[in-house]
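# Results of the structural survey
Residue-level listing of the chains:
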Amino acid sequence: MPATDQGIRPERYQLIPRVLIFITHGREVLLLKGAPTKRIWASKYNGVGGHVERGEDFISAARREITEETGLTVSDLRLRGAINIDAGQQTGIGLFIFTATAARRDAALSPEGTLEWIPFDRIHELDLVEDLPTLLPKALAMSGDDLPFFGRYWYDADARLRIEFAD
């Protein structure tokens, strides 16, 4: 099928693809505390990740982001979920969530912020990006053979984030 038959039209809803990775070592997860100068999520904790670049598949993008942001070698990189984020505009975000296991804890310095290994039982104490109190425990609770979850985020009339997962 030629590219012209893909049905891409500017008036259709479109997605910007992103990856988010939660890297674990034992009972700790590596989170990035955003630099205070970041445009979004300044001083908030999030997983590592970013945009999928042209020519990349989702797993290649996750591997690249892990290398760029942490310098770690990981194993067991698994897709855990996919979320459609509707920000009320013509273009939304397609977020692909992964987990991975690090063999060691010596993450490199990141230009994005400060990397910190957080014990699972301390996650709730942190100033997390808005969706992480729901998303992070869901991803970390999954076992090796669990199928990925699917969901959507949207903002209500009061600009509050709403989260819904498919059954």
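Keep in mind that what you see is a predicted model, and the values were worked out from it rather than measured. (Residues numbered from 1 in each chain as written. Predicted model: local features only at pLDDT ≥ 70, side-chain atom pairs only at ≥ 80, totals over all residues. Heavy atoms only, no water.)

## Quick word on the packing of aromatic side chains
To be explicit about the condition: By convention, a stacked pair of Phe, Tyr or Trp rings (six-membered ring in the case of Trp) has centres within 6.5 Å and planes under 30 degrees apart, an edge-to-face pair has planes over 60 apart, and any other such pair is tilted. Numbered from the N terminus, helices here are DSSP runs of H or I no shorter than four residues, and strands are runs of E no shorter than two. Only protein chains enter the accessibility calculation, which uses a 1.4 Å probe. A residue is then buried if its area is under 20% of the maximum for its type, exposed if over 50%, and partly exposed in between. In this analysis the charged atom, NZ for Lys or CZ for Arg, is taken to sit over a ring once it is within 6 Å of the ring centre and within 35 degrees of the ring normal.
The tally for this structure, following the rule as stated, stands at two aromatic pairs. Geometrically, the ring pair formed by Phe58 and Phe96 is stacked, given 3.9 Å between the ring centres and 20° between the ring planes. You can see Phe58 sitting in helix H1 (residues 58-70) and its partner Phe96 sitting in strand S6 (residues 91-102), a full 38 residues away along the chain. For Phe58, a relative accessible area of 36% puts it in the partly exposed group. We classify Phe96 as buried; its relative accessible area is 18%. Their ring planes at 90° and their centres at 5.5 Å tell us that Phe149 and Phe165 sit as a pair that is edge-to-face. Of this pair, Phe149 sits in strand S8 (residues 149-155) while Phe165 sits in strand S9 (residues 161-165), and the two are 16 residues apart along the sequence. Here Phe149 falls in the buried class, since its relative accessible area comes to 9%. Lying over the aromatic face of Phe165, Lys138 brings its terminal NZ or CZ to 4.5 Å of the ring centre.

## Topic: the side chain of Glu69
Note the threshold: Nitrogen and oxygen atoms within 3.5 Å of one another constitute a polar contact, given that in protein one can donate a hydrogen and the other can accept it, and given that sequence-neighbouring residues count only through two side-chain atoms. Contact criterion: two residues are considered in contact whenever any of their non-hydrogen atoms come within 4.5 Å of each other.
For Glu69, the position within the fold is in helix H1. Looking at Glu69, the relative accessible area reads 5%, which means it is buried. A polar side-chain atom of Glu69 sits 3.3 Å from the main-chain amide nitrogen of Gly49. If sequence neighbours within four positions are ignored, Glu69 has contacts with Leu32, Val48, Gly49, Ala108, Ser110, Glu112 and Leu115.

## Section: the pattern of salt bridges
Quick note on the threshold: By convention in these notes, a salt bridge is any Lys or Arg side-chain nitrogen within 4 Å of a carboxyl oxygen on Asp or Glu.
Summed over all chains, the structure comprises 12 salt bridges. Between Glu125 and Arg122 there is a salt bridge whose closest N-O contact spans 3.0 Å. Measuring nitrogen to oxygen at the nearest pair gives 2.8 Å for the salt bridge that ties Asp156 to Arg162. Sharing partners across several salt bridges, the network here consists of Glu56, Arg64, Glu65 and Glu68.

## A look at the environment of Asp57
Following the sequence through the fold, Asp57 ends up in the loop between strand S4 (48-51) and H1. By relative accessible area, which is 40% here, Asp57 ends up partly exposed. Spatially, the C-alpha atom of Asp57 lies 9.9 Å from that of Pro17, the residues being 40 residues apart in sequence.

## Notes on the side chain of Glu65
Following the sequence through the fold, Glu65 ends up in helix H1. When residues no more than four places from it in sequence are discounted, the contact partners of Glu65 are Val19, Ile21, Gly49, Gly50, His51 and Thr70.

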